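# Architecture at a glance
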Amino acid sequence: MNWHRLNIPETFELLGSGKQGLTTNAAEEKLLQVGPNELQEGKKKSIAGMLLAQFKDVMILILLAAAIISGIIGDLTDTIVILVIVLLNAIIGFLQEYRAEKAMLALKKMAVTQARVMRDGSIAWLPATMLVPGDVVLLEAGNAVPADVRIIESINLKVEEAALTGESHAIDKTIHSIEADDLPLGDKKNMAFKGTFVTYGRGTAVVIATGMQTELGRIAKMLQEDETLTPLQQRMASFGKKLSVLVLLLCVLFFVAGWLRGEEVVKMVMTSISLAVAAIPEALPAVITISLALAAKRMIRFNSLIRKLPAVETLGSVTYICTDKTGTLTKNKMHVEEVFVNGTMYDRNSLAAITEDNKAMLLLRAFGLNNDAVAGEDKIIKGDSTEIALMEIHRELNIQQDLWPRLAEIAFDADRKLMTTFHSYNNKIISFTKGAPDILLQRCVDIDLAVMQKQVDDMAAKGHRILGFAYRYWDVLPQYPDIEIHESGLQFLGLAGIIDPPREEVYDAVAQCKTAGIVPVMITGDHPLTAKTIAERIGILNSEKDLVITGQQLAQLDNDSFLAKVERIKVYARVSPEQKLQIVKMLQQKGHYVAMTGDGVNDAPSLKRANIGIAMGITGTDVSKEAAHMILLDDNFSTIVRAVREGRRIYDNILKFIKYLMTTNSGELWTLLLGPMIGLPVALLPIHILWINLVSDGLPAISLSFEKAEKDIMNRPPRPPQQSVFANGRGLHMIWVGMLMAGIALSAQAWAINHGLHWQTIVFNVLCLCQMGHVMAIRSEKQSLFASGVFSNKPLIGGVLIALLLQFVITYTPAFQPIFQTEALTLNEFLMVGVLSSIVFFAVEIEKMLSGRKRKQV
């Protein structure tokens, strides 16, 4: 319904109401029909449901099956260890999901509790939940708007709608109908919306929508959409399914082959369980979670607060950053950038030079005199953002205004768009008038209107908000200032071009984005010209192919047309919440990973839907913060770029420890599979495999997350979203290094059996120490360990030493030997283990050296 197009009598007629509001009986009947004025929650997940969902993963189910079979056979140690691992993973996953379920609660808190309403012809205070369409409500400064309303009386009424529309200024409200169709919310100046705030003046309005039918309600519905999986979650889900199928296949094949050879059934079952446990990287979920938590803690230092841990690695895969303009790309502070006076344009830095000119000085003086902004005791100027910008010029040039006292005024209103103040100086009365140039110029004399209008258009084309100034002398102070008399016959003074300028650090941040293969896109509630100017300045728009589009233009595109253009559109202006959500979905449909910034309630659905939603910590609403994955503590675009760099670093390191853990599992698998085929006994027990996978693997893997970023980290494109964790030779590395580990272990086993040595303990220690050599070698994808620095990652050195110490303890301590089925090795045996294990380190270093030569040749 286009309520903004209706005049006041038509609105009342449609709602069955009038200026005296509804009767109590009529309101109660309507309340039964439309329900209470509150937001409804979608279907909530129960705590039990969230906890059980953690056990749906196929790998977890295989581990649970292995634990149950171990328990039935009688090996309770393995059963208990596996169950503890599964339970810990479930608890970690549950806590993450539980914390993410709060966005609707924050929205509900925005509902106001009381409203002043006309009922039965008199004013009453009622709970806002009791409001129905047709109720007449009274609004004044400080009130929250209790429902969506059509303004029927406005006395200088201004409403702050930034949370809902993204508009940075409070909006002047009018009572007149607006003819245009499909206006964005910010342009419906005869309406106000639930969840916004009255900042100035007073007014009366009639309720046209309540509860879920309000704009806030529509946003609440969109918030109930499912979130998308992060790149790592998608890759790990795919990896988990493939691995699970492989594990089941191997176990069945191994069991059947052994059974056909006449092996004992119980022995083959235990060996098959060993295979399942060996193939599944039990430490991986915990290692990833701990690494992401450590990265999240580190990112607080970069003013980035991570709310949902997977967001850390998502940053590394981002291909598009859709960012708000005001406060993120710009300073969120209006700034007088240029002044036109005496036929000449001056920039901000040259204003001091014109103070000698009388007319120019009169204009600069008008900036501060026709101004309601005031400086508090703390010297901070408070008031309307445009007036603060003008007052700062006054302060900057040290212009004294004490000798020009204000005697009278004609206040600004939204219809005539002018403000006039009267002052005395040297026994003369002077009035200054400021306002919209198109109206002010009509009131001035002795000017060439066409020339001046062209000047205004030229300044507006730069994205400036233009204010015109004029003056007039009077013989006497008017007792009752009149608009028609005292705002006509004016002498034109000049123009001020005002803009919210870009942050200084944003220029480099945008350039760095482009170098890193990330496309920055501006989405703003501001005017298209202003948005285009800022986008061109900072480098978001720098090609003729780049497009600027408004919400109205976007509404006219069908899905196919929008999908064809979406990668060329770099600036969106005046867009609705549904359109923000549509932008995210379209980019995702094109295969992109999208980061979306936002601070308002209107941003919450798109923040939730984006691959990474980034809320503003300073200006952001609670709703946007709850819906987001990450919060910018300084509301600064360059902080996002620093966070992307950190995301890439941590994702690189996640890939390193997937490579590390899966190579170890590959080594265990080959050892278990190939041993019996060449006539050797099964080399490892399930307890050995669990120890290797959790303790020997776990500590160094977590320490890998501290590895420093590769030098080219922001000079390469984002990883393709569809890229597997096995890409770029990682899968091949896992196989050949795993086979090398198995070859070393089985050679050691055969030699030890032939010489009557402690063969099982030797194999166990060889595999553990091979891992230590491997983790040191894969710290960098390209550089040798000696080039990157042995001690450049001290936590990793510590993790390796602790793992070696624990291995020593379970090998040589009598109390642990029965549990881990180990025997104390002789000095010669231990030295042999050390020498054999070092082969893996040198082999991987040689691989890096050879691949480096190939890259140089290419």
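Starting afresh in each chain, residues are numbered from 1 along the sequence in its written order. Given that the model is predicted, a residue must reach a pLDDT of at least 70 before its local features are reported, and side-chain atom pairs must reach 80 or more before they are shown or counted; all residues, however, enter totals for whole chains, interfaces and linings. Side-chain measures here rest on the full set of heavy atoms in the structure, leaving out hydrogens and waters.

### Structural notes on the overall build of the protein chain
Condition: Only DSSP runs of H or I reaching four residues or more are called helices, and only runs of E reaching two or more are called strands; each is numbered from the N terminus. By definition in these notes, contact holds between two residues if any of their heavy atoms fall within 4.5 Å. Per-residue and other accessible areas follow the Shrake-Rupley method at a 1.4 Å probe size, with only the shown protein chains counted as cover for residues.
Within the protein chain one finds 32 helices and 25 strands. In the protein chain, the share of contacts with a sequence separation of at least 24, taken over all contacts with a separation of at least 6, comes to 72%. A total of about 37100 Å² of accessible surface is found on the protein chain, and carbon and sulfur atoms cover 59% of it.

### A word on helix α25 (residues 637–677)
Each full turn of the α-helix corresponds to 3.6 residues, which orients residues three or four apart in the same direction. Put simply, the rule is: In a helix, the anticipated span is given by 1.5 Å times the number of residues less one. Only protein chains enter the accessibility calculation, which uses a 1.4 Å probe; a residue whose area is less than 20% of its type maximum is buried, one above 50% is exposed, and one in between is partly exposed.
An ideal rise of 1.5 Å per residue puts 60 Å on 41 residues; α25 measures up with 59 Å between its terminal C-alpha atoms. Judged by how many residues are buried, α25 sits mostly within the fold: 36 of 41 residues are covered. At the C-terminal side of α25, G679 shows a positive phi close to 85°.

### Focus on a nonpolar patch on the surface
Formally: To count toward a patch, a residue needs a relative accessible area above 30% and no salt bridge. Like charges then connect within 9 Å, nonpolar side chains (Val, Leu, Ile, Met, Phe, Trp, Tyr) within 5 Å. By definition, a salt bridge exists where a carboxyl oxygen of Asp or Glu is found within 4 Å of a side-chain nitrogen of Lys or Arg.
Residues V252, V256, W259, L260 and V265 make up a contiguous nonpolar surface patch of about 510 Å² in total accessible area. Considering every element that reaches the nonpolar patch, the biggest residue donor is helix α9 (residues 231–260), with four residues. Inspection of the secondary structure assignment puts V256 in helix α9. Judged by its relative accessible area of 37%, V256 falls in the partly exposed class.

### Focus: the packing of aromatic side chains
Rule in force here: The pairing test for Phe, Tyr and Trp rings, Trp by its six-membered ring, is centres within 6.5 Å, and the orientation test on the planes gives stacked under 30 degrees, edge-to-face over 60, and tilted for anything in between.
Taken as a whole and judged by the stated rule, the model has 12 aromatic pairs. Judged by centre distance (6.3 Å) and plane angle (90°), the rings of F808 and F830 are edge-to-face. In this pair, F808 is assigned in helix α30 (residues 794–812) and F830 in helix α32 (residues 827–857), connecting sequence segments 22 residues apart. Residue F808 is classed as partly exposed on the basis of its relative accessible area of 43%. With a centroid separation of 6.3 Å and 55° between ring planes, the pair formed by Y812 and F830 is classed as tilted. Of this pair, Y812 sits in helix α30 while F830 sits in helix α32, placing them 18 residues apart in sequence. Look at Y812 and you get partly exposed, because its relative accessible area is 24%.

### Let's talk about the sheet that holds strand β25 (residues 630–632)
Short version of the rule: Strands qualify as paired when DSSP identifies two bridges or more between them. Every angle, taken between N-to-C directions, lies between 0 and 180 degrees, and every axis is a line fitted to C-alpha atoms, over only the stretch in contact when it is a helix.
The strand order across the open sheet formed by eight strands is β8-β25-β24-β23-β9-β20-β22-β21, and the pairing between neighbours is mixed. Lying at the two open borders of the sheet, with one neighbouring strand each, are β8 (304–306) and β21 (547–550). Taken over all neighbouring pairs, the strand axes of this sheet differ in orientation by 20° on average, direction set aside. In this fold helix α22 (residues 577–589) packs onto β9 (320–323), β20 (519–524), β22 (569–573) and β23 (594–598), with an angle of close to 165° to the strand it touches most, β23.

### Considering the pairing of strand β24 (residues 612–616)
Quick reminder of the rule: For crossovers, right-handed means that the path from the first strand over the helix to the second runs clockwise, given strands pointing away from the viewer.
With five of five residues buried, β24 lies mostly within the body of the structure. Of the two faces of β24, the one carrying I612, I614 and M616 and the one carrying G613 and A615 are both buried. As defined by bridge partners, β23 adjoins β24 across four bridges and the pair is classed as parallel. Note that in β24 the partner of T597 across the bridge is I614. On the question of chirality, the crossover connecting β23 to the parallel β24 by way of helix α23 (residues 604–609) is right-handed. Here β24 runs beside β25; their pairing, made up of three bridges, is parallel. Following the sheet pairing, A615 is matched in β25 by I631.

### Side note on the nonpolar core
In plain terms, the rule: Only buried Ala, Val, Leu, Ile, Met, Phe, Trp, Tyr and Cys residues count toward a nonpolar core, and they belong to the same one when joined by side-chain atoms within 4.5 Å.
One finds I321 and F637 to be the most contacted residues of the largest nonpolar core, which totals 122 residues. Top element by residues in this core is α25. It accounts for 17 residues. Among residues more than four places away in sequence, those in contact with I321 are C513, I518, V519, P520, V521, A595, F637, I640 and V644.

### Focus on the environment of K854
On the secondary structure map, K854 appears in helix α32. Distance in space between the C-alpha atoms of K854 and A683 is 38 Å, their sequence separation being 171 residues.

### Focus: α30
Applicable threshold: Taken from the helix axis, the directions to the C-beta atoms give the arc we talk about.
Counted at 1.5 Å a residue, the expected span for α30 with its 19 residues is 27 Å, and the 27 Å between its end C-alpha atoms agrees. Every buried residue of α30 is accounted for by L796, I797, G799, V800, A803, Q807, I810 and T811. Viewed along the axis of α30, the buried residues span an arc of 165°, placing them on a single side of the element. Among the exposed residues of α30, those oriented more than 90 degrees off its buried face are K794, L801 and L805. On the buried face of α30, the contacting elements are α26 (686–704), α28 (759–777) and α31 (817–820).

### A few points about the packing of helix α27 (residues 730–754) against α28
Each pair of packed helices can be described by the angle between their axes along with the distance between the axes. What counts, and what does not: Roughly parallel here means an angle under 35 degrees, roughly antiparallel means over 145, roughly perpendicular means 65 to 115, and every remaining angle is called oblique. Whether a crossing is left-handed or right-handed is set by the direction in which the near helix is turned from the far one by less than a right angle, anticlockwise for left-handed and clockwise for right-handed. Gly falls in the polar group here, along with every residue not listed as nonpolar (Ala, Val, Leu, Ile, Met, Phe, Trp, Tyr, Cys, Pro) or charged (Asp, Glu, Lys, Arg).
Viewed as axis vectors pointing N to C, α27 and α28 meet at an angle of 150°, and their least axial separation amounts to 9 Å. Between α27 and α28, the crossing angle belongs to the class labelled roughly antiparallel. Crossing hand, α27 versus α28: right-handed. Side by side, α27 and α28 meet where H733, V737, M741, I744, A745, A748, Q749, A752 and I753 of the first sit next to W759, I762, V763, V766, L767, C770, Q771 and H774 of the second. Taken together, the residues that form the contact of α27 with α28 break down as 13 nonpolar, four polar and no charged.

### Focus: the packing of α26 against α28
Two elements in contact, α26 and α28, have axes whose closest approach is 10 Å; the angle formed by their N-to-C orientations is 15°. Taken as axis vectors, α26 and α28 run roughly parallel relative to one another. Viewed along their axes, α26 and α28 form a crossing whose handedness is right-handed. On α28, the residues touching H688, W691, I692, S696, D697, P700 and L704 of α26 are Q760, F764, L767, C768, Q771, M772 and V775. Its residues placed into classes, the contact of α26 with α28 shows nine nonpolar, four polar and one charged.

### Considerations on unusual backbone geometry
For residues other than glycine, phi is negative in most cases, and the peptide bonds are mostly trans. Phi at D635 is positive, roughly 55°, even though this residue is not glycine. Of note, D635 is situated in the loop between β25 and α25. Although it is not a glycine, Q821 adopts a positive phi angle of roughly 55°. As for its position among the elements, Q821 is in the loop between α31 and α32.

### Things to note about the environment of A279
Looking at the element boundaries, A279 is found in helix α10 (residues 265–279). Sequence separation between A279 and G698 is 419 residues, and the spatial gap between their C-alpha atoms is 15 Å.

### Digging into the side chain of H423
Worth spelling out the cut-off: Two N or O atoms form a polar contact when they lie within 3.5 Å of each other; inside protein one atom must be a possible hydrogen donor and the other a possible acceptor, and for residues adjacent in sequence the pair counts only when both atoms belong to side chains.
By the element assignment, H423 lies in strand β15 (residues 418–425). Of the polar contacts made by the side chain of H423, one reaches the backbone oxygen of W404; its length is 3.1 Å. Excluding residues within four positions of it along the chain, H423 makes contact with L369, W404, P405, R406, L407, K428, I429, I430 and F432.

### Focus: the pairing of strand β2 (residues 122–127)
Pairing of strand β1 (residues 114–119) with β2 involves six bridges; the strand directions are antiparallel. Bridging across to β2, R116 finds its partner in W125.

### Let's talk about the environment of A209
Structurally, the position occupied by A209 is in strand β7 (residues 197–209). Between the C-alpha atoms of A209 and R716, which are 507 residues apart in sequence, the distance is 50 Å. In contact with A209, not counting residues within four places along its chain, are A147, D148 and T214.

Purely geometric stuff here, so don't read any function into it on its own.
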